[in-house]
Amino acid sequence: MREIVLDTETTGFDPKTGDRLIEVGCIEIVDLLPTGRTYHSLVNPERLIPAEAIRVHGITDDKVKDARIFAKMADEFLEFVGDAPLIAHNASFDRNFIDWELTLAHKPITGEARWIDTLAIAKSKFPGQPNTLDALCKRYKISLADRTYHGALIDARLLAEVYLELRGGKERSFDLGGGKTLTSSGMVVPDGRKTYGARPRPLPAQVGAAEDEAHRAFLGQWVKDPVWAQHGIEPLAKDEN
C-alpha cells in the first residue's frame, strides 16, 4: 500500500488570516516502509515571515526569496502524491495550508477524507500522555540528533518512523503474506526488490544418531496415522538432512 508522509512549515497558524506555506516535505512509503522517494521544496510565501516563526523552523525571508510560489509547483506536488493517503501529525493543520494553496493555484484540493492523523492515533494509544512528534520519537527511541530546527523533510522522515511504530512496529515487516512472492532466491516485494537471498548451503543436522533413533521409536509408539504419512512423506534419515 502506497502512502505519503507529509509535513509543512508555515508563516503562522491560519491561512485564512494571511499565513502561507513556506516549505513542504513528503516521504513515500509502501507497506509502512520508506521507498527512498521524496519530495521537498521551499515555497515563496509572497509575504514576510514573522520572527516567532523563524525561531521555530529557521527559515528566513532570504532563504525563500528565490523559491517558487506554490502555484508554480502545484502540478509537481500533485503528481508526486498522486491519489495516495496523506499522513501528517495534527493533519488538519497541514491539510488546511495545502488545500488553501491548491485553491489559490486553481487546483483540486486533497480533501479531509484522504488524510490520516498520527496525532489522533497516538492519543488513542497513549491517552493523557504527551503526544507531540518529539515526545513520540523519545517514546519509540527514534533519534532526534540530526534535527536542530523543525524542517518539513526532516520531520516527515521522523514521522514515517513514528507511523511505523504506531501501526505495530518493525515486526509488521516480518510478514509471510501481504502480496509478496517467495521464490527460491528470496522474498520479492511489490517493487521487485529482494529482501534476502538464498542460504549458500544447508545448515548441518544437529540431531545425533541416538536422538534420531529415539525420536523414530517415539513416533512409532505414540503417533498413529501421522498426517505426513497420509501424504506419502517419510521422516528424513539423518544422512538426508
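Above this note sits the structure.
The paragraphs below set out a description of the structure included in this document.

Calculation criteria
- Residues numbered from 1 in each chain as written.
- Predicted model: local features only at pLDDT ≥ 70, side-chain atom pairs only at ≥ 80, totals over all residues.
- Heavy atoms only, no water.
- Pairing = 2+ DSSP bridges.
- Helix = DSSP H or I, 4+ residues; strand = E, 2+ residues; numbered from the N terminus.
- Axes fitted to C-alpha atoms, helices over the stretch in contact; angles between N-to-C directions.
- Contact = heavy atoms within 4.5 Å.
- Phe/Tyr/Trp six-rings, centres within 6.5 Å; stacked < 30°, edge-to-face > 60°.
- Buried < 20%, exposed > 50% of the residue type's maximum accessible area, 1.4 Å probe, protein only.
- Lys NZ or Arg CZ within 6 Å of the ring centre and 35° of its normal.

Our next topic: the sheet that holds strand E4 (residues 86-88). As summarised here, the arrangement of the five strands in space is E3-E2-E1-E4-E5, forming an open sheet in which the pairing is mixed. With one partner strand each, in any of the chains shown, strand E3 (33-42) and strand E5 (115-117) form the two edges of the open sheet. The sheet shows a mean angle of 25 degrees between the axes of neighbouring strands, direction not considered. Bridge count between strand E2 (residues 21-30) and E3: seven bridges; the pairing is antiparallel. Directly across from Ile29, in E3, lies its bridge partner Pro34. Helix H4 (residues 91-104) rests against strand E1 (2-10), E2, E4 and E5 of the sheet, and its axis sits at about 80 degrees to E1. Those strands touched by helix H7 (residues 152-166) are E1, E2, E3, E4 and E5, and its axis lies near 35 degrees from that of E2.

A few words now on the packing of aromatic side chains. The tally for this structure, following the rule as stated, stands at five aromatic pairs. On the basis of an interplanar angle of 35 degrees and a centroid distance of 5.9 Å, the ring pair of Tyr39 and Phe80 is categorised as tilted. With Tyr39 in strand E3 and Phe80 in helix H3 (residues 70-81), the pair connects residues that are 41 residues apart, well separated along the chain. The class of Tyr39 is buried, set by a relative accessible area of 7%. Accessibility expressed as a relative area gives 7% for Phe80, which makes it buried. One residue, Arg2, lies across the ring of Phe80, its end atom 5.9 Å from the ring centre.

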